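As a plain string of letters, each chain reads:
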Amino acid sequence: MKFTMKKLGKAVLTAALVGVVAAVLAGCGKQSDSAAGGGDGQKKVVNVAFTNYYVPYDFVNDKGEPDGFEVAVMQEVAKKLPQYTWKFTPTSDDDLLIGVESGKYTIGTKGIWKTAAREKKYIFPKNYIGASVIGLVIRKADADKIHDMDSFAQYSGKLVPIAPQDARYMVIEDYNKDHPDKQIKLQSSEAFQIADAYSWVMEGRYDGYLEVELSYKNNIVKDDAPYHKFNDSLTYIRYKGIPTYPLFNKKEQKLADEVDQAIDELRKEGKIAELEQKYFGESLSNYITQ
């Protein structure tokens, strides 16, 4: 009987220990599942990558803070979506694109245009953030003959070649489709030094170079611009505004829809127009319909 009671005591103790271990393991499992799924008390982190030098669209200011028009718009979006924790990460062009595609970043913003190739890799919202103005770099000597894209086409249409994968190629393709009687000579080319493009226009090899206005200002107009020596010989003619969008990882459709709605609200409230005035001194979005 003594042996039987001793044996029974060991059995009870063993069963109790097994129960405690099972309870601990079950508790750990629940905690892990909650953390993985962004459970109670935890918000999903939305990591917004932005280029750290593209003034005034996206950059890091003198205080080391995320800044720029597109960053400011996304910060306003964040206020409308407090169910998420928002993080803004400055990075390079390449890292942003690769990072959003891979899921390293949730959203990316860098003055991005929508293209068919990009739509295969990323989600674009229906509503754009702002606009990037594009136009022609021409010789100042031809400014009395070339006033817009139509007069450029009639003058010669000789445009510096563009790489087919470049979004600017699509801009000229679209123009030519819409203007069968005013064609621009669209030639494809591999990448070349931008200084060559400016030189080719100055020399008369070509009569125009399609470029984003901000790039032209940064490359030529500013006193400390790398090609400021061309400023006396070249000038710029605006063509149109190209909508710019944030990019989303392909798995983030729900978030993209929520951000889309927030952008729409901000535009209707006048907040986006206010931010355009702050960063550009005008509403570049107005050029999208021109």
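Our structure is the block above this text.
Read on for a plain summary of the structure. Here the structure is a predicted model, which is why all the values come from computation and not from measurement.

When its secondary structure is counted, the protein shows 10 helices and 9 strands. Relative to all contacts within the protein whose residues are 6 or more apart in sequence, the contacts with residues 24 or more apart total 71%. Summed over its atoms, the accessible surface of the protein is roughly 15700 Å², and 52% of this surface lies on carbon and sulfur atoms.

As summarised here, the arrangement of the 6 strands in space is β5-β1-β6-β9-β7-β8, forming an open sheet in which the pairing is mixed. Unpaired on one side and paired on the other, β5 (84-91) and β8 (209-212) mark the two borders of the sheet. Adjacent strand axes in the sheet meet at a mean angle of 25° when their direction is disregarded. Of the strand pairs in this sheet, strand β6 (residues 107-112) and strand β9 (residues 234-248) are connected by 3 bridges, and their pairing is antiparallel. Within the sheet, the bridge partner assigned to isoleucine 112 lies in β9 and is tyrosine 245. Sheet strands touched by helix α2 (residues 69-80): β1 (44-51), β5, β6, β7 (130-139) and β9. Its angle to β5, the strand with the most contacts, is close to 170°. Along the sheet, helix α8 (residues 213-221) makes contact with β7, β8 and β9, crossing β8 at roughly 95°.

With that settled, consider the sheet that holds strand β2 (residues 53-54). Read from one edge to the other, the open sheet built from 3 strands follows the order β2-β3-β4, with strand pairing classed as antiparallel. Lying at the two open borders of the sheet, with one neighbouring strand each, are β2 and β4 (66-67). In this sheet, strand β3 (residues 58-60) lies alongside β2 in antiparallel orientation, the contact comprising 2 bridges. Bridged to tyrosine 53 within β3 is phenylalanine 59.

For the rest of this paragraph, the subject is the pattern of salt bridges. Here the structure, examined in full by the defined rule, presents 17 salt bridges. Residues lysine 104 and aspartate 95 are paired through a salt bridge, measuring 3.1 Å at the closest nitrogen-oxygen approach. Close ionic contact of lysine 145 with aspartate 144 constitutes a salt bridge, the shortest N to O distance being 3.4 Å. Using a relative accessible area of 40% as the deciding quantity, one classes lysine 145 as partly exposed. Where salt bridges share partners, they join Arg139, Asp142, Asp144, Lys145 and Asp207 into one cluster.

Attention now goes to the pairing of β1. The side chains of a regular strand alternate, first on one face of the sheet and then on the other. Counting buried residues in β1 gives 6 out of 8 residues, a clear majority hidden from the surface. Examined bridge by bridge, β1 and β5 share 8 bridges and lie parallel to one another. Looking across to β5, one finds that valine 45 is bridged to threonine 85. Note that β1 and β6 share 3 bridges and pair parallel. Note that in β6 the partner of valine 48 across the bridge is isoleucine 107.

This next bit is on helix α10 (residues 271-280). Within α10, the full set of buried residues consists of Ile272, Leu275, Glu276, Tyr279 and Phe280. Looking straight down α10, one finds its buried side chains confined to an arc of 105°; they lie on one side. Each element contacted by the buried residues of α10 is listed here: β4, α2, β7 and α9 (253-269). Remark: glycine 281 follows α10 within two positions and exhibits a positive phi of approximately 80°.

Further remarks concern the nonpolar core. Judged by nonpolar contacts, the single largest core of 55 residues is most densely connected at Val77, Trp86, Ile107, Leu210 and Val259. Among the elements that make up this core, the one with the highest residue count is α2 (7 residues). Apart from residues no more than four positions distant in its own chain, tryptophan 86 is found in contact with Val46, Val48, Met74, Val77, Ala78, Leu81, Ile107 and Val259. By size, the runner-up hydrophobic cluster in this structure holds 14 residues, among which are Val201, Tyr209, Tyr216 and Tyr227.

Next up on the list: α2. For α2, with 12 residues, the first-to-last C-alpha span of 17 Å sits near the 16 Å given by 1.5 Å per residue. With 9 of 12 residues buried, α2 is to be regarded as a mostly interior element. Restricting attention to buried positions, one finds in α2 the residues Phe69, Glu70, Val71, Ala72, Val73, Met74, Glu76, Val77 and Ala78.

Calculation criteria
- Residues numbered from 1 in each chain as written.
- Predicted model: local features only at pLDDT ≥ 70, side-chain atom pairs only at ≥ 80, totals over all residues.
- Heavy atoms only, no water.
- Helix = DSSP H or I, 4+ residues; strand = E, 2+ residues; numbered from the N terminus.
- Contact = heavy atoms within 4.5 Å.
- Areas by Shrake-Rupley, 256 points an atom, 1.4 Å probe, with all protein chains shown as cover.
- Pairing = 2+ DSSP bridges.
- Axes fitted to C-alpha atoms, helices over the stretch in contact; angles between N-to-C directions.
- Salt bridge = Lys/Arg side-chain N within 4 Å of Asp/Glu carboxyl O.
- Buried < 20%, exposed > 50% of the residue type's maximum accessible area, 1.4 Å probe, protein only.
- Arc of directions from axis to C-beta.
- Core = buried A, V, L, I, M, F, W, Y, C linked by side-chain atoms within 4.5 Å.
- Expected span 1.5 Å × (residues − 1).

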